[in-house]
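Each chain, letter by letter, is given below.
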Amino acid sequence: MSDTTPLSSDVPAAGPAIGQDEWVARHAERRLVRGGRLGAVEERLRAVPWWAWLVLFVAAASTMPAIESSGYVRRVGFDTVIFMLLALGLNVVVGWGGLLDLGYIAFYGIGSYAYAIFDSGQFGYHLPTIVAIPAVTALGAVVGLLLGLPSRRLSGDYLAIVTLFFLELFETVATNGDTIFGHNITGGANGILNVDPLSFFGHALPVQHNGIFAVSYYYVALGIFAVVFVALRFANRSRVGRAWRSLREDPLAAEVMGMPVNTLKLLSFATGAAVAALTGTISTALSASVFPLNFSPVVLITVYAMVILGGSGSQWGVVFGAIVVNVLLQVLQNPGQARVLFYLVVAGGVVLAFRLSRRLALLIVATAVFGAVVRVVAGSLHRSWVDGAHGGIAHAVSDWVVVPVRLAAWLPPVAYGVLLAMVLGLTLLRHPVLRLAALVPTIYLAAFVWENVMLPNPGPTRYVMLGLLLIVLMIARPNGLLGERRVEIV
Amino acid sequence: MATFTQLTVDALTLGSVYALVALGYSLVYGVLKLLNFAHGDVFMVGSFIGYGALQALGGASNPDVPVWLLLLLVTVAAMAGCAVLGVVLERFAYRPLRDAPRIAPLISALGASFFISNSMQLLFGAQQRDYQSYNLSGGSLYFHGFDIGQVHVPLLRIITIASAFGLMIALWYLVNRTPTGKAMRATSFDREAAAMMGIDIDRVIVFTFVLGSALAGAAGVMFALRVPTAASVGFTIGLKGFTAAVIGGIGSIPGAMVGGLLLGGAESYTSGYWTTTWSDLVVFTILIAFMIFRPQGLLGRADIRKV
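Here's what I pulled together on the structure shown here.

**Remarks on the overall build of chain A**
Move 1: On a plain count of helices and strands, chain A comes out with 20 helices and 6 strands.
Move 2: Partitioning the contacts of chain A with sequence separation of at least 6, the portion at a separation of at least 24 is 73%.

**Focus: the packing of helix α8 (residues 156-175) of chain A against helix α12 (residues 279-293) of chain B**
Move 1: Look at α8(A) against α12(B): their axes get within 10 Å of each other, and the N-to-C directions meet at 155°. Relative to α12(B), α8(A) is oriented roughly antiparallel. Every pair of crossing elements has a handedness; the one defined by α8(A) and α12(B) is left-handed. Contacts between α8(A) and α12(B) involve A:Y158, A:I161, A:V162, A:F165, A:E168, A:L169, A:T172 and A:V173 on the former and, on the latter, B:D280, B:L281, B:F284, B:L287, B:I288 and B:M291.
Move 2: Grouping the amino acids of the contact of α8(A) with α12(B) by side-chain chemistry returns 11 nonpolar, 1 polar and 2 charged.

**Focus: the interface of chain A and chain B**
Move 1: The partner chain B presents 36 residues to the 38 residues of chain A that form the contact.
Move 2: Among the elements of the structure, α8, α13 (297-310), α18 (411-428), α19 (432-454) and α20 (458-476) of chain A are those that each provide at least two residues to the side of chain A that touches chain B.
Move 3: Looking at the side of chain A that touches chain B residue by residue, the class counts come to 30 nonpolar, 6 polar and 2 charged.

**Notes on the nonpolar core**
Move 1: Counting 218 residues, the largest nonpolar core has A:A87, A:V303, B:A19 and B:L20 as its most contacted members.
Move 2: Element by element, the count of residues in this core is highest for helix α1 (residues 2-32) of chain B, at 16 residues.
Move 3: Of the residues that make up this core, three or more belong to each of domain 2 (51-333) and domain 3 (336-456) of chain A.
Move 4: Contact partners of B:L20, with chain neighbours within four places excluded, come to B:A164, B:L167, B:L215, B:A216, B:A218 and B:A219.

**As for the environment of B:G255**
Residues and elements named next belong to chain B.
Move 1: Here G255 lies in helix α11 (residues 253-273).
Move 2: The spatial distance from the C-alpha of G255 to the C-alpha of A83 is 23 Å, given a sequence separation of 172 residues.
Move 3: The residues touching G255, leaving out its near neighbours within four places in the chain, are S26, G248, G249, G297, L298, L299 and G300.

Analysis parameters
- Residues numbered from 1 in each chain as written.
- Chains lettered and ligands numbered in written order.
- Predicted model: local features only at pLDDT ≥ 70, side-chain atom pairs only at ≥ 80, totals over all residues.
- Helix = DSSP H or I, 4+ residues; strand = E, 2+ residues; numbered from the N terminus.
- Contact = placed C-beta atoms within 7 Å.
- Axes fitted to C-alpha atoms, helices over the stretch in contact; angles between N-to-C directions.
- Parallel < 35°, antiparallel > 145°, perpendicular 65-115°, else oblique.
- Left-handed = near helix turned anticlockwise from the far one by under 90°.
- Nonpolar A, V, L, I, M, F, W, Y, C, P; charged D, E, K, R; others polar.
- Core = buried A, V, L, I, M, F, W, Y, C linked by C-beta atoms within 7 Å.
- Buried ≥ 20, exposed ≤ 12 C-beta atoms within 10 Å, placed from the backbone.
- Domains from an automatic or database assignment.

Structure (structure tokens):
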């Protein structure tokens, strides 16, 4: 949550105070205040102190293991916290510093590998956790600094290139690291195994209890998340944070105003890298292993999607984005849940687009009728064309969607291509009646493609959705869900 | 000596493929100042379309048409298909973001790249497609050819290198000696001024995408003729082509060609004289060194910022 309006308790009531710039305090964060009831609610929520939200969030998250005893769900929870941490770190570089760092995951990897090297049988080191974690974090910061040094003079595109290639470099070294001049440093493609678990004051936290994910790691991760969140929030509200924002908005003006732009860039890189390295340690401790494939560009794009969806620049935004994207990815793994999700999203999208109006009712009726007609025709032409569905909801839905027993080889690409063409064509249509008319077969075809092409193949489907999400976000809402449009002080 | 000749032939073949991909990157960057991360995936789609066309024309072992016509049709099909893909990409992923801050089209390009490569994987599976070009006309494409000393240069390689160079020369002619090319150069120099001079910017940009994507499609077919391709290959080749464009000077067409050949040379000589695993490392180190000491590349123009 960002700072409150000028009429808040932040303003020094009794004149200037030491260490507090009065003008800054009054003008620091001006925001667009929404009107109406929503605006009033929003202002009330913003009046709540920032730490209350954090405490509430951590408390709510802590109750998750009590509700869910499934090891899988707990593991998903842990992964979500890891992604939240990664998103927080990326937010520092991209959201606050405005630097497009496409090599961020390399720092995550360096932290993971460093912890694995410090605490495993690879070289025989077994540093206690209380030493290893700060050491790895510091190492991450140093590497971030080193990457930032040659990148100081590079502007947006070139910086993206260099950081992307740094990531590739890291991947190459990690994958081939078992034969660096004869020494096995990174274990190559097989990674490093048998990494020590976290141990505090001599007590090792076991990674599993009877084969189920140990909840203690979840709490450790939550604790670290809270610490990092608070630390970054203080950094954001300090002079450094304001300098970062000025750098992000207009680097040239910042430089002209006397901001040490290069130092700020280095600091931004180093901070982001330190957070990423820290995340790497706990993640590796839990998995007790580290592989080069864990740090592929796929992970990079996932974290970027989280930051962008949530709203780069807003800490709670990226946390929220991380939760949404990770849960989405998990849900899309499971065909039953993914099916429900699809229909929910389509229904929600349609309601949002048309509000509750006669057109909406017309659309729903037309789509239902259209689908039923097609289904009946297909069923009467050939029984096997509609008999392919298995399982509860799928069976119910297959009364509306055509689900063949076997798909002809040419059908998926053609259907997919036609659907893509129809959706893109829809965005070009202007006439409202035509639009509505074209929407009906499009929705039906989308359901058909979803059932028959995408659900049976959850792996690539998740990433197709992610890519689509990124494109649509940048076009429709580049500020993400919780990002803010700031009012410019002219 | 034989090794060196063999490696040089490899360098030329690989380099011409990289050069074609790099040209696409340079063309688009010159006109839009956008790094089109989805370009490598357009390349991959090109090789898939070529495969589809090959199968439609009877397959490599028993084609319905003479071999030279087969190759021509396959390449043309891939180029046409990729051109369409490029146009769609530009129209829906990049045009709405033309005036947005630079980070927006970059992220959109990343998303598009993800979308395309995973869609192909979704629709066609992850397994490799082999053109089986050694079956074409009983393997004559490999047996014929000429010998330099002990090294046999197969006809297929000669065709690849020759057609790549032919395309590059055609592109050079198009950009430097025709009015359309002049419009492209004007747009890349200063978009607003070009618009004021009466050049239809949208058309020029669409045409640039058509050109770049068609070249990538041709490169896709040439690459797939020698090496079986899969849906995941697009990212690697795209990255290498991108490196070539940056080394040669992004935005510069002769730079892309030079960069491509240089990169092909670096990769094949390193693989030959050292090991294959570290050839990637050498390539990336060269690039990072270039970015630090000469960001504008070999033939690029240094960016002069007007304050």
